[in-house]
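Breakdown of the fold
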Amino acid sequence: KDFTALIDRLHFDVVQEVRLEFSNWENGGSSFLLRRRKSRALYEMDYKLYEKYFLGKENGFFIEAGANDGLEQSNTFYLEFHKNWHGILIEPVTEKYYNCWQNRSQKSYCEEAALVSHDYNGNRIEMIYTPGCKGLMSVIDDENADALMKRVSEKGIPMMVRAAALDSILSNYVSDRGLDQPPHIDLLVLDVEGYELQALKGLSLNDWQIDYILVEELQDTDEIQSYLAQFGYTRIDKLSHHDYLYKKG
């Protein structure tokens, strides 16, 4: 048990165990072939989160918006497949949504949508899809789109996608899963390429129990920090040059 805990902490898996027999050993022994897990998250964000804030926690609940195909740069894959977490994955591009649904386990509830605020009128929204970047740099086509698209070497493809507030997605999850009460959310990840504040404004933060919120903040402003402070969240960590972690209380 100590050995498996140690290799798990070092992010290794046992690929093969071979029992050994030696005449001068009372109980024989074992030879192990180990393979180091590859972090699927950018900057090994999944390992940083787990080791600093969720060490030892099993069966947690996550929400990841901007889930892409569920594998590429995923912050929650490790939690789901190695720590038995479950949760909600949100991705607006139909192709990537289906990839996400195929690549993740039945513990994940996949939703095809772009997150919007409660003030947004309509059930569709235009975005710019970036196939050259595997969709990872896709942005909502608003006043900030031109500046954000300068980060990539492609023009992108305009497309209309489903729009939904995070409140409605959570309510649908509770209803579809037949839950008696809303889930306690350990981690909310928002990686929606500059549209994070609008996504937060579609979430009634006083109505849901959310411990930690990880936000990609591409623009150097204090808008998100000020907004979350109204609901009792404090910025506690900077996990990359543009990823900030907030904690309730």
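Everything discussed here concerns the structure shown above.
Residues numbered from 1 in each chain as written. Predicted model: local features only at pLDDT ≥ 70, side-chain atom pairs only at ≥ 80, totals over all residues. Heavy atoms only, no water.

On to the nonpolar core. If you look at the biggest cluster of nonpolar residues, it comprises 44 residues, and the most contacted ones within it are Ile63, Ile88, Leu166, Leu205, Ile210, Ile213 and Leu228. By residue number, the principal contributor to this core is helix 6 (residues 166-176), which donates 5 residues. Not counting residues within four places of it along the chain, the set of residues in contact with Leu228 comprises Leu200, Leu205, Ile213, Tyr233 and Tyr246. Within the second largest apolar cluster, 21 residues are counted, among which are Tyr50, Trp85, Leu187 and Leu239. (Core = buried A, V, L, I, M, F, W, Y, C linked by side-chain atoms within 4.5 Å. Buried < 20%, exposed > 50% of the residue type's maximum accessible area, 1.4 Å probe, protein only. Helix = DSSP H or I, 4+ residues; strand = E, 2+ residues; numbered from the N terminus. Contact = heavy atoms within 4.5 Å.)

In any sheet, the strands associate via hydrogen bonds between backbone groups, in a parallel or an antiparallel arrangement. Pairing is mixed in the open sheet, where 7 strands are placed in the order 5-4-3-10-11-13-12. Edge strands, defined here as strands with exactly one partner in the open sheet, are strand 5 (108-111) and strand 12 (233-238). Pairwise comparison of adjacent strand axes, ignoring direction, gives a mean angle of 15° for this sheet. Of the strand pairs in this sheet, strand 3 (residues 61-65) and strand 10 (residues 185-190) are connected by 4 bridges, and their pairing is parallel. Bridging from a neighbouring strand, Phe62 pairs with Leu187 of strand 10. Of the strands in this sheet, strand 3, strand 4 (86-90), strand 5 and strand 10 touch helix 6, which is tilted by about 135° from strand 4. (Pairing = 2+ DSSP bridges. Axes fitted to C-alpha atoms, helices over the stretch in contact; angles between N-to-C directions.)

Before going further, it helps to examine empty space enclosed by the protein. Under the defined criterion, the tally for this structure stands at 1 cavity of 30 Å³ or more. If you go around the largest cavity, you meet 24 residues; those closest to its centre are Gly66, Glu91, Pro92, Asp191 and Val192. For the lining of the largest cavity, the secondary structure elements donating two or more residues are strand 6 (114-115) and strand 8 (139-140). (1 Å grid on protein atoms, 1.4 Å probe; cavity = no way out; pocket = protein on both sides within 12 Å on 5 of 7 lines; lining within 4 Å. Points joined across faces, edges and corners; volume = space filled by probe spheres on them.)

Inspection of every chain in the model, using the stated rule, returns 0 disulfides. Here Cys100 is not cross-linked by a disulfide; its sulfur's nearest cysteine counterpart is in Cys110, at 4.1 Å. Residue classification places Cys100 among the buried positions, given a relative accessible area of 1%. Cys110 sits in the buried class, given a relative accessible area of 14%. (Disulfide = S-S within 2.5 Å.)

Moving on, we come to unusual backbone geometry. Non-glycine residue Tyr43 carries a positive phi angle of around 60°. Its location among the elements puts Tyr43 in the loop between strand 2 (29-36) and helix 2 (45-53). We classify Tyr43 as partly exposed; its relative accessible area is 36%. With a phi angle near 55°, Asn68 is a residue other than glycine that sits in the positive phi range. One can find Asn68 in the loop between strand 3 and helix 3 (77-83). Since its relative accessible area comes to 3%, Asn68 is described here as buried.

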